[in-house]
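Spelled out, the chains give:
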Amino acid sequence: MRTVDARGLSCPQPLVLLHQALAEDAAEPLDVLVDNEASRENVSRAAAKKGWNVSPVDEGEGVFRLELRK
């Protein structure tokens with residue numbers, strides 16, 4: 001499983017990292033760490049449009065782990 005750490009980044013940077021990770025391996029499960037609401041919503045929406053199931057997990061202190069699974 002891969003992890004993309006997008007904490008501290010504002011959009012569109014988390015989306016760019018998401019697309020890069022999916023381009024490297026479009027089938028392997030992926031976790032994306034974000035720390036703001038806009039990034040959480042945008043990454044979740046973009047992943048869902050590409051056919052991924054997205055499960056947000058609250059890691060505390062404003063950090064969310066978005067679990068992307070096919």
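Here the structure is shown first, and the text comes after it.
Given the structure is predicted, the values throughout are model-derived calculations rather than measurements. Every chain begins its residue count from 1, and numbering advances along the sequence as written. Confidence filtering applies because this is a predicted model: local features only for residues at pLDDT of at least 70, side-chain atom pairs given and counted only at 80 or more, and all residues used for totals across whole chains, interfaces and linings. Note that the side-chain values use all heavy atoms of the structure and ignore hydrogens as well as water.

## Details of the pairing of strand 1 (residues 2-5)
How we decide: The rule is simple: take the accessible area with a 1.4 Å probe, protein chains only, and divide by the maximum for that residue type; under 20% is buried, over 50% is exposed, in between is partly exposed. The helix and strand labels rest on DSSP assignments: H or I over at least four residues marks a helix, E over at least two residues marks a strand, and numbering proceeds from the N terminus. Strand pairing follows a simple DSSP-based rule, namely that at least 2 bridges must link the two strands. The handedness rule is simple: strands pointing away from the viewer, and a clockwise path from the first strand over the helix to the second, make the crossover right-handed.
Where burial is concerned, the two faces of strand 1 differ: the one with Arg2 and Val4 is buried and the one with Thr3 and Asp5 is not. With four bridges connecting them, strand 1 and strand 2 (residues 30-34) associate as parallel partners. Bridge pairing in strand 2 links Thr3 to Asp31. Once the chain exits strand 1 it traverses helix 1 (residues 13-24) before rejoining the sheet at strand 2, and the crossover so formed is right-handed.

## Looking at the packing of aromatic side chains
Short version of the rule: Each Phe, Tyr or Trp ring (for Trp, its six-membered ring) is paired with any other whose centre lies within 6.5 Å, and the angle between the two planes then decides the class: stacked below 30 degrees, edge-to-face above 60, tilted in between. Sitting over a ring, as applied to charges here, requires NZ of Lys or CZ of Arg to be within 6 Å of the ring centre and within 35 degrees of the ring normal.
The full count for this structure, using the stated rule, is zero aromatic pairs. A cation over an aromatic ring shows up here: Arg40 above the ring of Phe64, its NZ or CZ 4.4 Å from the ring centre.

## Remarks on unusual backbone geometry
For the peptide bond that leads from Cys11 to Pro12, omega is 15°, which places it in the cis range. Mapped onto the fold, Pro12 is located in the loop between strand 1 and helix 1. Residue Glu61 is not a glycine yet carries a positive backbone phi of 55°. As for its placement among the helices and strands, Glu61 is situated in the loop between strand 3 (53-60) and strand 4 (63-69).

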